[in-house]
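Secondary and tertiary structure notes
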Amino acid sequence: MEEHPVLVERRAGYRVITLNRPHRLNAFTEAMHQALKRAVAEAESDDDCRALLLTGAGRAFCAGQDLNERVAADGNTMVLGNALETYYNPLVRMLRELPFPVVAAVNGTAAGAGANVALACDIVLAARSASFVQAFARIGLLPDGGSTWFLPRLVGEQRARALAMLAPQIPAEQAKEWGLIWDVVEDGELMKTATELARRLADGPTMSLARIKEAMNRASGNDLGRQLDVERDFQRELGRSEDFKEGVAAFLAKRKPAFKGK
Ligand code: T3D
């Protein structure tokens, strides 16, 4: 067994989590799932952690499920529903529900569930040489990790269906043009830009960012009326925060705000 399928670096205000199975393009094994779950849970329980940066070691971001783990000794394939229930679905929920922003720095190929873990993050930044592929139909599966939900919302129904059914490997620039991801930067600039982004978010008004995230999550299931109520309730709460006081004071004093995340 590999010693460290996931690396964690603690920095002031945020953590960098690196998927670390480069010889298998950082494909998910059970051990990697468990290590990632632990790393995310530890970040969540750390009061000083106000943002997360997720990336991959080597030339890929993540190639999805490690298919070596999908052939049982008797030749029958495993019960895949259990894998989703135990690992992928909780991971996607966790990333979406963390009370601070998650940045994905997609350093190379993001395939299958690897692409969809990236899409579950709040802001997806990709290196110019990176690519995205909903590889599932190539092996007789359907896109999981929430992508039948994410894709139509991000790129529209027609492109979503084609991405899922034809499984093309689309370059980062096209992913950006289609609205699948936030931005593309030169390969050598990826980690610098991504860490600046994580740093900036970690220095931000964390309660506000958490409520933005939650409001966006809820919007997909709400009609306008309900969503207006959500905004009202969250704004009421944020109006009492120290960061709101600081934001207004800084604006009026024409200085940079010093948010504390409270
Ligand atoms: O099963 C469940 O729990 C249900 C949930 C499923 C979630 C999923 O993610 S299903 C989809 C699984 N992923 C894939 O089908 C992607 C498979 N990989 C590829 O299609 C290609 O490798 C890539 C498009 C990602 C990259 O292509 P390329 O040409 O850059 O690299 P390569 O040569 O194909 O791969 C390099 C090595 O990584 C190679 O090993 P080798 O020959 O050097 O020993 C290759 O076998 C290995 N690798 C890549 N992806 C996987 C993998 N090994 C195991 N599992 C992989 N997913």
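To start, this report covers the structure provided alongside it.

Another point: the environment of Glu 242. Inspection of the secondary structure assignment puts Glu 242 in helix H10 (residues 242-252). On the basis of relative accessibility, which here comes to 43%, the residue Glu 242 falls in the partly exposed class. C-alpha separation for the pair Glu 242 and Lys 260, spaced 18 residues apart in sequence, amounts to 7.7 Å. Not counting residues up to four positions away in its chain, the partners in contact with Glu 242 are Lys 260 and Lys 262.

Glancing now at the sheet that holds strand S2 (residues 14-19). Taken together, six strands build an open sheet; the order of strands is S1-S2-S3-S5-S7-S10 and the sheet is mixed. Both edges of this open sheet fall to strand S1 (6-11) and strand S10 (183-185), since each of them pairs with a single strand only. For this sheet the average axis-to-axis angle between neighbouring strands, irrespective of direction, equals 20 degrees. Bridge analysis of strand S7 (residues 123-127) against S10 gives three bridges, and the strand direction is parallel.

Our next topic: the site of the ligand. Not every one of the 25 residues close to the ligand is listed here, only the nearest: Arg 59, Gln 65, Leu 67, Arg 70 and Ala 113. Here a nitrogen atom of the ligand sits 2.9 Å away from a polar atom, N or O, in the main chain of Leu 67. Between the ligand and the protein, one listed contact pairs an oxygen atom with a backbone N or O atom of Ala 113 at 2.8 Å. Most atoms of the ligand, that is more than half of them, are within 2 Å of grid points of the second largest pocket. Looking at the shell around the ligand, the elements that each hand over two or more residues are helix H2 (80-97) and strand S6 (109-111).

Throughout the structure, instances matching the rule amount to two cavities of 30 Å³ or more. A volume near 60 Å³ is recorded for the largest cavity. Forming the walls of the largest cavity are His 33, Leu 36, Lys 37, Thr 86, Tyr 87, Pro 90, Leu 91 and Met 94. Put simply, the parts of the chain that give the lining of the largest cavity at least two residues each are helix H1 (30-45) and H2. Residue contributions to the lining of the largest cavity peak at five residues, all from H2. Per-class residue counts for the lining of the largest cavity are five nonpolar, two polar and one charged. Looking at the second largest cavity, its volume works out to about 40 Å³. Along its surface, the second largest cavity is lined by Phe 132, Val 133, Gln 134, Leu 151, Leu 163, Pro 168, Ile 170 and Leu 180. Its residues assigned to classes, the lining of the second largest cavity shows seven nonpolar, one polar and no charged.

About the criteria used
- Residues numbered from 1 in each chain as written.
- Predicted model: local features only at pLDDT ≥ 70, side-chain atom pairs only at ≥ 80, totals over all residues.
- Heavy atoms only, no water.
- Helix = DSSP H or I, 4+ residues; strand = E, 2+ residues; numbered from the N terminus.
- Buried < 20%, exposed > 50% of the residue type's maximum accessible area, 1.4 Å probe, protein only.
- Contact = heavy atoms within 4.5 Å.
- Pairing = 2+ DSSP bridges.
- Axes fitted to C-alpha atoms, helices over the stretch in contact; angles between N-to-C directions.
- Near = heavy atom within 4 Å.
- Polar contact = N/O pair within 3.5 Å; in protein donor to acceptor, adjacent residues only side chain to side chain.
- 1 Å grid on protein atoms, 1.4 Å probe; cavity = no way out; pocket = protein on both sides within 12 Å on 5 of 7 lines; lining within 4 Å.
- Sits in = over half its atoms within 2 Å of the grid points.
- Points joined across faces, edges and corners; volume = space filled by probe spheres on them.
- Nonpolar A, V, L, I, M, F, W, Y, C, P; charged D, E, K, R; others polar.

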